[in-house]
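Residue-level listing of the chains:
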Amino acid sequence: MTELTRRRFTAGALAATGILAAPAVARGKGKPRLVVIGGGPAGATVAKYVAKDSQGAIDVTMVEPLASFTTCFHSNLFLGGFKGWEQITHPYKLASYGVTHVRQMATGIDRDKREVTLADGTKLAYDRLVVAPGIDLKFDSVPGWSEAAAEVMPHAWKPGPQMQLLKAQLDALEDGATIVMVAPPNPYRCPPGPYERASCMAHVLKAKGHTQSRIVIIDPKDRFSKMAAFQEGWQKHYPGMIEWMDPKMHGGLKSVDPAAMTVTTDLETIKADLVNVIPAQMAGRIAREAGLVNETGYCPIDATNMRSKLDPNIYVLGDAAIAGAMPKSAFAANSQAKVVAMMVRGELAGARTFPARYANTCWSVIETDDTIKVGGRYEAKDGAIAEVEGFVSKPGEDAATRRQTSEENIGWYSGITADIFG
Amino acid sequence: MTRSGGIAVLAVLAAQVAAADALRIGDRELGEYLSSECVTCHQLSGRYDGIPSIVGWPPDSFIAILTDYREKRRENPVMRSIAVKFTDEEIAALAAYFGSMAPTTGSLAPKTD
Ligand SMILES: Cc1cc2nc3c(=O)[nH]c(=O)nc-3n(C[C@H](O)[C@H](O)[C@H](O)COP(=O)(O)OP(=O)(O)OC[C@H]3O[C@@H](n4cnc5c(N)ncnc54)[C@H](O)[C@@H]3O)c2cc1C
């Protein structure tokens, strides 16, 4: 009741001073409503920033089943034993900013009525909707593999039990083990992620004194993010342990067999002790079912503000969106979220808006004190998000630079998780 | 005494006015929006976990450092790419915004070099 009175008062006071200058979207009585689907780096950041900066003028509801979020970013550090599970798990602390967190799945979007349906049948009306469900995995993109097979050959490309399963399998390996990683085709979540993962796996094997174990990466791509620096690092820290195969070498992935624990390419059948299948990906189901994707399986957006090209009342951001030159990363999702939050406040509360600025940096751990990075700054250009300035770690950098880059990575993680969740 | 004392007082006053101007000239709303990009790495609380604190700095040193990154006189590629397209007005807005905040944790050790 007190909360209601305070909110009414704030809205009234704002209306009186003319700040609430968006009558077109005020549906019925009450405050304009923002509904956010997904509480990942994309959705949670939008919800927090709109609530924080609109100071009660906009009603913000975040629909996300989880009570706390385990990040995919730095999950490779968990795998490598650099971080504990609790260090990559963050309870939401968004209520203090005025975000209402509804712990359910959204099951449907009625774009004509501007309503979201939740798993329990509740309907939430919105003036603006943010759709940020991340990715879904294409379980049928690797012959022989399936959602059930992922219990044997984990993907660990979404947070939760899959990551713990992969770590348990890795930690149980004896010297002489063969790990096969099936790498994904573009575009996918976290371009350097598979190669950072291979590095962190090698770190664990090396630390356990393995000399005979090997990691084979079967890649559908003929090059990958930060490739030169990764390959130099592998040679330096894990000589002979990591073998990367491009399509010219393996001739194409034919199938995997979870019962026999084999991976078959055009070249050979490899008997493995651990198989990590990272399949092809697409925008999360809710975005697909609401008709927000195009033929690529991802959501086209207006590069100047992340608004869906298919529905002017909806913004799509993070891994689900087609963000041009920006990779699918938590950093990018968080950066896009700040643009969306500003635009939403502009539309629903008459706040000032500025030209969108986007940025990204992805750090990758190769070994203790040896971290590399790739990043850039981006702007809307000719209808797409384009890079205006970029950088990437080079082979041959000195140890001090790599150590500083390692520290930045740890500092960034503290910064961004405080920014997203609390 | 009276004469030189007066000049000294005037000089101090002028310096204070200049500092206040820098804070005022910086557009706070613009600074607030631009700052949202920075807090992905630099914590608003001022806490250091591997990336330096940037809250509570005198605006002039803040402006000088960001300008150095923009002009590529300072090394870090992350900060260079962040600063590359900033206008003077945007840098002033950021200096004003972060300058007006006090760190809530960590040590306040603004570097001016
Ligand atoms: C191994 C690995 C390493 C990575 N390393 C890095 C890194 O170092 N740096 C970096 O920047 N990024 C990294 N990433 C990428 C990063 O994790 C993703 O880009 C980021 O999580 C995308 O954020 P998002 O909010 O778009 O999606 P997500 O993080 O997937 O969040 C989506 C949320 O939406 C919820 N949701 C989905 N559907 C619904 C629905 N219908 N109703 C309600 N809620 C729903 C989900 O529960 C989920 O919480 C890494 C990823 C992996 C896999």
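Residues numbered from 1 in each chain as written. Chains lettered and ligands numbered in written order. Predicted model: local features only at pLDDT ≥ 70, side-chain atom pairs only at ≥ 80, totals over all residues. Heavy atoms only, no water.

Within an unreviewed UniProt entry, the label attached to chain B reads Cytochrome c domain-containing protein, and the organism entered is Blastochloris sulfoviridis.

An unreviewed UniProt entry lists chain A under the name NAD(P)/FAD-dependent oxidoreductase, from Blastochloris sulfoviridis.

1. Some thoughts on the interface of chain B and chain A
The line we're drawing: Any two residues whose heavy atoms approach within 4.5 Å are treated as being in contact. What gets called buried area is simply the loss in accessible area from a 1.4 Å probe that two parts show on being joined, summed for both. Here a salt bridge means any side-chain nitrogen of Lys or Arg lying within 4 Å of a carboxyl oxygen belonging to Asp or Glu. Polar contact criterion, stated in full: a pair of N or O atoms within 3.5 Å, where within protein one must be able to donate a hydrogen and the other to accept it, and residues adjacent in sequence count only if both atoms are side-chain atoms. Here a helix means four or more residues in a row that DSSP labels H or I, a strand means two or more in a row labelled E, and each is numbered from the N terminus. Residues are sorted three ways: Asp, Glu, Lys and Arg are charged, Ala, Val, Leu, Ile, Met, Phe, Trp, Tyr, Cys and Pro are nonpolar, and all the rest, Gly among them, are polar.
Taken together, the contact between chain B and chain A spans 25 residues of the former and 32 residues of the latter. For the pairing of chain B and chain A, the buried interface totals around 2,400 Å² over both sides, and the portion due to carbon and sulfur atoms is 56%. In this assembly, chain B and chain A are joined by 6 salt bridges. Here A:R377 and B:E37 are joined by a salt bridge, their closest N and O atoms 2.2 Å apart. Taken together, the links from chain B to chain A amount to 16 residue pairs in polar contact (both at pLDDT 80 or more). Sorting the residues of the side of chain B that touches chain A by element identifies α2 (28–38) and α4 (77–83) of chain B as the ones contributing at least two each. Examining the composition of the side of chain B that touches chain A, we find that 7 residues originate from one element, α2(B), more than from any other. Split by residue class, the side of chain B that touches chain A holds 12 nonpolar, 6 polar and 7 charged.

2. Side note on the site of the ligand
Residue and element names in this part refer to chain A. For the record, the criterion: Any residue with a non-hydrogen atom lying within 4 Å of a molecule or strand is treated as near it. Areas reported here follow the Shrake-Rupley algorithm with a probe of radius 1.4 Å; residue values treat only the protein chains shown as occluding. For the purposes of this description, domain bounds are those given by an automatic or database domain assignment.
Neighbouring residues of the ligand: 34 residues in total, closest E64, A106, R189, D319 and A330. Between the ligand and A42 there is a distance of 2.9 Å, counted from an oxygen atom to a backbone nitrogen or oxygen. At a separation of 2.9 Å, an oxygen atom of the ligand approaches a polar backbone atom of A330. When the free accessible area of the ligand is taken as 1,000 Å², the share hidden by the protein chains comes to 93%. Taken together, the elements giving at least two residues each to the shell around the ligand come down to α2 (41–54), α3 (75–79) and α9 (330–349). Here the residues of the shell around the ligand sort into 20 nonpolar, 9 polar and 5 charged. Looking at which domains feed residues into the shell around the ligand, each of domain 1 (3–136 + 282–353) and domain 2 (143–279) supplies at least three.

3. Focus: the UniProt feature "domain: Flavocytochrome c sulphide dehydrogenase flavin-binding" (unreviewed entry) in chain A
Heads up, the condition is: UniProt positions are given in the numbering used here, feature names are shortened, and annotations may be inferred rather than shown by experiment.
Following the UniProt record, the feature "domain: Flavocytochrome c sulphide dehydrogenase flavin-binding" (unreviewed entry) maps to residues 356–421 of chain A here. Note that residues 356–421 of chain A is 35% helix and 47% strand, and that its end C-alpha atoms are spaced 23 Å apart.

4. A closer look at the environment of A:V130
Residues and elements named next belong to chain A. Spelled out, the test is: Residue exposure (1.4 Å probe, protein chains only): buried if accessible area is under 20% of the type maximum, exposed if over 50%, otherwise partly exposed.
Along the chain, V130 turns up in strand β9 (residues 128–131). By relative accessible area, V130 is classed as buried at 0%. For the pair V130 and A42, spaced 88 residues apart in sequence, the C-alpha separation works out to 9.3 Å.

5. Considerations on the UniProt feature "domain: Cytochrome c" (unreviewed entry) in chain B
In this numbering, the UniProt entry assigns the feature "domain: Cytochrome c" (unreviewed entry) to residues 26–102 of chain B. As a span, residues 26–102 of chain B carries 55% helix and 0% strand, and end to end its C-alpha atoms are 17 Å apart.

6. Section: the side chain of A:T178
Residue and element names in this part refer to chain A. For T178, the location among the structural elements is in strand β11 (residues 178–182). On the basis of relative accessible area, T178 is assigned to the buried category, the value being 10%. Once you skip the residues sitting within four places of it in the chain, T178 turns out to touch R214, I270, K271, A272, D273 and L274.

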